[in-house]
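Per-entry structural report
Residue-level listing of the chains:
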Amino acid sequence: EPEVTQTPSHQVTQMGQEVILRCVPISNHLYFYWYRQILGQKVEFLVSFYNNEISEKSEIFDDQFSVERPDGSNFTLKIRSTKLEDSAMYFCASRSWVGSNTGELFFGEGSRLTVL
Amino acid sequence: GQQVMQIPQYQHVQEGEDFTTYCNSSTTLSNIQWYKQRPGGHPVFLIQLVKSGEVKKQKRLTFQFGEAKKNSSLHITATQTTDVGTYFCAGQRQAGTALIFGKGTTLSVSS
């Protein structure tokens, strides 16, 4: 069964360092998302990406964040200068197309980011 | 901005008891989805509701979408230990926009 894969599964970094989280969405999907979940809390929307550009972003997704689809398969989230409060599980998700019968999001297993 | 509220935050039941979680949106929704997240896992899609007043069933799970398309519920009949996890509702203002998640209801079941 096709799945969304994410690397790394866990990253520990020092405050102020840059971090890149990587995702490989399901191959025929067109919409890509990043969500984050601080431990024990809700799943928060960060950004959606379609047709090689950001289609929507939340207030959390400030200038410290950026996304890229560098090579047609990977979808990356970069945090330029990490803060303690960026510590969370980051989930990548993908979806086929708006007109499909379901808007189901397929989530990866997540990348846990710990900022010290 | 759009907010999705969910209650209760936690629920503990004895195996065999029923369980219900409720979801309310501050705005009218195009559709609502439900996801389950097992401890240590990632959200997994359960169902999508699109029509006003829609009711869908999956075995022991019953999902409802309110007439005004602003609220929804998930009811589990005769819970089992395999039902443990956090159940999230997630709403979209319109198809293609961001899916906004509620805070989730964490269900624990004792045998």
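Okay, so let's go over this structure. Note on numbering: residues in each chain are counted from 1, in written sequence order. Whichever chain is written first becomes A and whichever ligand is written first becomes 1, with later ones labelled in order. Per-residue local features of the predicted model are confined to residues with pLDDT of at least 70, and side-chain atom pairs are confined, for both listing and counting, to 80 or more; whole-chain, interface and lining totals are unaffected and use all residues. Side-chain numbers come from the whole structure's heavy atoms, not from hydrogens or water.

1. Observations regarding the environment of K83 of chain A
Residue and element names in this part refer to chain A. Going along the chain from the N terminus, every DSSP run of H or I of four or more residues is numbered as a helix, and every run of E of two or more is numbered as a strand. On the secondary structure map, K83 appears in the loop between β8 (75-79) and β9 (88-95). Accessible area is worked out with a 1.4 Å probe on protein chains only. A residue is then buried under 20% of its type maximum, exposed over 50%, and partly exposed in between. Of the residues examined, K83 reaches a relative accessible area of 30% and is grouped as partly exposed. Each C-alpha atom, one on K83 and one on T114, is 9.7 Å from the other, the two residues being 31 residues apart in sequence. By the convention used here, residues are in contact when the closest approach between their heavy atoms is within 4.5 Å. Excluding anything up to four places from it in sequence, K83 contacts M15, D62, Q64 and V115.

2. Some thoughts on the interface of chain A and chain B
Counting residues at the interface gives 18 residues for chain A, matched by 19 residues for chain B. Salt bridge, as used here: a side-chain nitrogen of Lys or Arg that lies within 4 Å of a carboxyl oxygen of Asp or Glu. Connecting chain A to chain B are one salt bridge. One salt bridge in this structure joins E56 of chain A and R93 of chain B, with 3.2 Å as the shortest N-O distance. Distance and chemistry together define a polar contact, namely a pair of N or O atoms within 3.5 Å, with one atom able to donate a hydrogen and the other to accept it when in protein, and with adjacent residues in sequence counting only for side-chain atoms on both sides. Linking chain A with chain B are seven residue pairs in polar contact (both at pLDDT 80 or more), by the criterion used here. Looking at the side of chain A that touches chain B, the elements that each hand over two or more residues are β4 (31-37), β5 (43-50) and β9 of chain A. Charged residues are taken to be Asp, Glu, Lys and Arg, nonpolar residues to be Ala, Val, Leu, Ile, Met, Phe, Trp, Tyr, Cys and Pro, and polar residues to be all remaining types, Gly included. For the side of chain A that touches chain B, a count of residues per class yields seven nonpolar, six polar and five charged.

3. Re the state of the cysteines
By definition, disulfides here are pairs of cysteine sulfur atoms that lie within 2.5 Å. Here the structure, examined in full by the defined rule, presents two disulfides over all chains. Each sulfur in the disulfide pair C23 of chain A and C92 of chain A lies 2.0 Å from the other. When the S-S torsion is -65°, as for the bridge of C23 of chain A with C92 of chain A, the disulfide is left-handed. With a gap of 69 residues between them, C23 of chain A in strand β3 (residues 19-24) and C92 of chain A in strand β9 connect regions that are remote in the sequence. C92 of chain A carries the same exposure label as C23 of chain A, and that label is buried. Note on cysteine connectivity: C23 of chain B is disulfide-linked to C89 of chain B, with sulfurs 2.0 Å apart. With the S-S dihedral at roughly 75°, the linkage between C23 of chain B and C89 of chain B falls on the right-handed side.

4. A word on the side chain of T86 of chain B
Residues and elements named next belong to chain B. Along the polypeptide, T86 turns up in strand β9 (residues 85-92). Given the relative accessible area of 15%, T86 is considered buried. Of note is the side chain of T86, whose polar atom sits 2.9 Å from the side chain of T106.

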